[in-house]
Amino acid sequence: MSLLQPAAVDVPGRREPGVHAQLVVGAALVAVVVVLALVSLVWTPYDPVRAVPLDRLQGPSAAHWLGTDRFGRDVLSQLMVGARISLYVGVVAVGIGALVGVPVGVVAGMRGGVPGTLLMRGSDVLLAFPGLLLALVFGAAFGAGTTTAMVALGIGSVPAFARVARSGTLQVVRTDYVLAARAANRPALAVAVRHVLPNVAGLVVVQCSVNFALAVLAEAGLSFLGLGTAPPTPSWGRMLAESQQYLGTHDYLALAPGVAIAVAVLGFNLLGDGLRDVLDPRLRGVR
Amino acid sequence: MTRHLLSLLAQLVTTLVVASIVVFLVLRVLPGDTAAVALGVHATPEALAAWRAEHGTDRPLVVQYLDWVGGLLRGDLGTSFVTGRPITPLVADRVQVTLILVGLAMLLALVVAVPLGTLAAVTQRSLWGTLVSGASQVGVAVPNFLVGVLLVSLVAVRAGWLPAGGWVPPAEDPAEFWRHVALPVLALGTVQAAIVTRYVRSAVLEVMREDFLRTARAAGRTRTGALVHHGLRNAGVPVVTVVGVQLAALLVGAVVVERVFVVPGLGSLLVDSVANRDLLAVQSIVMVLVLLVVVVNFLVDALYTVLDPRLRTAGGTGVRGAGVLAAGGAR
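These numbers were taken from a predicted model, which means no experiment stands behind them.

**A closer look at the side chain of Ser136(B)**
Okay, so step 1: By the secondary structure assignment, Ser136(B) is in helix H6 (residues 127-141).
Okay, so step 2: Among the residues examined, Ser136(B) registers a relative accessible area of 7% and is labelled buried.

Take a look at the structure:
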């Protein structure tokens, strides 16, 4: 930011209208998905995996709100369990990415020099493997499945977390209070935990939201290819893949999981953008 | 500048060497005995030994690795463990299909996104700006394979305007090629257009706040004139990054759309090889994809130095910008 530029700081009482709209809409969409997933733990309208041949390929009705598939399974029930799978994959993938990437980034930012460069270069090698490619490689090596997919997606997201954590750390280590803590001979770990991590946390939370959306998309893609969640466990990607042969006659079979994926991804993207605006008002409106 | 390019080139080679070791270790060492993977758990010890001797997997790992890499350097990707056929001609056919598909999709995305994103930035506070912004936000969230499925339903099945799938090489029948390629390109391109529009918008917004643009306005240029003469080149750096990153991600990401439209691309070949647990084929195809990704990243970094002279002295910084996007923003 240049010196002449008016600082777009958050002035209390003069909050721009609609600034938090992204945050609110994003949180609401994510809440819908989370509630669906949580409710599915204790209740679904029907058994999502039980085939009822007599009820096959029924359009949306009072009995089956989103219709039934080719085996007569209730689409809404499958969608609810699918939400659980998507969230599960997202949580584990983002967890792995953050737990590995953030320490790498913080250490690289605090140490600098050759060790810092080596750490970052190491995580950069992963950039040659887009998430989906890594998931396919792991699928070939260990057999495809939900676990393989989320571990691969998690490892694939390590560089993103490492970079975000490193750039945040570089800003913090130059501040007076970190210099003071270091001058007082505080151990590096204590400085990292007490001063660096709380300041990097906001950036990491935003990255979590962005990567959550990517993980949901990637899992759907893998399941669509038959390399994600194995049947009979319902997953949005496979529901979409199975709907293909009924296109033109039973489009609701494609629309239900398609809209679910889009809602989840949109929710996490908006949540990430909203959080970014709240945590860093200078970036408001830039994205 | 030459020094910077040489350093980028060294980085490219290092990445490829490390990536090849990682791929080899993950696909050749971690799964255990490749013979057991290929022949199944019920194979006799004699059959396993014969298979290992035939495919050379009984040699030391270092020898196997060097043999594989030597082959790659000569353009020989090896012979499939499962089908027994050479992998190179298969990959050569498929890579063309994927490059055509991804290239056309990115071209479509740019043609749509650059004017739309610029317009959205210039009209930021108006209804138009909000509309473009909102539409691109939704577009980013829609998976390209959902767009593909909907296009098949609406354009191919219901309207019957275009074929629902298949591939005709452009040299064979140009008219049929365009009829077949239109829907997959549209499916990939619209989602990419949404992603790129957001970055073009934010890049132009960022540039519009710069001092040099204000100076240009003060010197008498109109807003459009200042933006065209001074702004777009500067906005180009982040846009080139995102295009490069998306291009790299699409090389693999196109696979799902390839599946929807039954397009015989490289990704489809990889998925088939994964499903068959054809480890050598997977290993070689992954290396080809990694090579393409790394080369695209290299070109992006090289382009930076052309677009932004300040980066010429900052050896190797370019990849960093690309990296956050590659890992965090690409799909």
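Having seen the model, we can carry on.
**Notes on helix H4 (residues 61-73) of chain B**
Residue and element names in this part refer to chain B.
Okay, so step 1: In this model H4 runs 18 Å from its N-terminal to its C-terminal C-alpha over 13 residues, within 8% of the 18 Å that 1.5 Å per residue would give.
Okay, so step 2: All buried positions along H4 are accounted for by Gln64, Tyr65, Trp68, Val69, Gly70 and Gly71.
Okay, so step 3: Contacts from the buried residues of H4 go to helix H1 (2-29) and helix H12 (279-307).
Okay, so step 4: The positive-phi residue at the C-terminal boundary of H4 is glycine 75, with phi of around 85 degrees.

**What to know about the interface of chain B and chain A**
Okay, so step 1: Across the contact, 66 residues belong to chain B and 57 residues belong to chain A.
Okay, so step 2: Applying the counting rule to chain B against chain A returns 2 salt bridges.
Okay, so step 3: A salt bridge links Asp251(A) to Arg158(B), with the shortest nitrogen-to-oxygen separation between them at 2.7 Å.
Okay, so step 4: A breakdown of the residues in the side of chain B that touches chain A according to their chemical character gives 41 nonpolar, 13 polar and 12 charged.

**Quick notes on the packing of aromatic side chains**
Residues and elements named next belong to chain B.
Okay, so step 1: Under the definition given, this model contains 9 aromatic pairs over all chains.
Okay, so step 2: With 5.1 Å between their ring centres and 70 degrees between their planes, phenylalanine 177 and tryptophan 178 make a pair best called edge-to-face.
Okay, so step 3: By relative accessible area, phenylalanine 177 is classed as buried at 4%.
Okay, so step 4: What links up through ring pairs into an aromatic cluster is the set Phe24, Tyr65 and Trp68.

**Considerations on the confidence of the model for chain A**
Okay, so step 1: On average, residues of chain A score 86 in pLDDT, and 91% of them reach the 70 mark or higher.
Okay, so step 2: Confidence drops under a pLDDT of 50 for residues 1-15 of chain A, and excluding neighbours within four residues, the segment shows 12 contacts in the predicted structure.

**Observations concerning the environment of Val122(B)**
Residue and element names in this part refer to chain B.
Okay, so step 1: Mapped onto the fold, valine 122 is located in helix H5 (residues 88-122).
Okay, so step 2: Here valine 122 falls in the partly exposed class, since its relative accessible area comes to 26%.
Okay, so step 3: Ignoring sequence-local partners within four residues, the contact set of valine 122 consists of Met208, Arg223 and Leu227.

**Description of unusual backbone geometry**
Okay, so step 1: That bond from Pro231(A) to Pro232(A) is cis: its omega, 5 degrees, falls within 30 degrees of zero.
Okay, so step 2: In the Ramachandran plot, Val262(B) falls in the positive-phi region, its phi being about 50 degrees despite a non-glycine side chain.
Okay, so step 3: Within the secondary structure layout, Val262(B) lies in the loop between helix H10 (223-260) and helix H11 (266-275).
Okay, so step 4: Judged by relative accessible area, Val262(B) falls into the exposed class, the value being 59%.
Okay, so step 5: A positive phi angle, near 50 degrees, is found at Arg277(B), a position not held by glycine.
Okay, so step 6: If you trace the backbone, Arg277(B) turns up in the loop between H11 and H12.
Okay, so step 7: Taking relative accessible area as the criterion, Arg277(B) reaches 28% and is therefore assigned partly exposed.

Thresholds, definitions, all that
- Residues numbered from 1 in each chain as written.
- Chains lettered and ligands numbered in written order.
- Predicted model: local features only at pLDDT ≥ 70, side-chain atom pairs only at ≥ 80, totals over all residues.
- Heavy atoms only, no water.
- Helix = DSSP H or I, 4+ residues; strand = E, 2+ residues; numbered from the N terminus.
- Buried < 20%, exposed > 50% of the residue type's maximum accessible area, 1.4 Å probe, protein only.
- Expected span 1.5 Å × (residues − 1).
- Contact = heavy atoms within 4.5 Å.
- Salt bridge = Lys/Arg side-chain N within 4 Å of Asp/Glu carboxyl O.
- Nonpolar A, V, L, I, M, F, W, Y, C, P; charged D, E, K, R; others polar.
- Phe/Tyr/Trp six-rings, centres within 6.5 Å; stacked < 30°, edge-to-face > 60°.
- pLDDT = per-residue confidence, 0-100.

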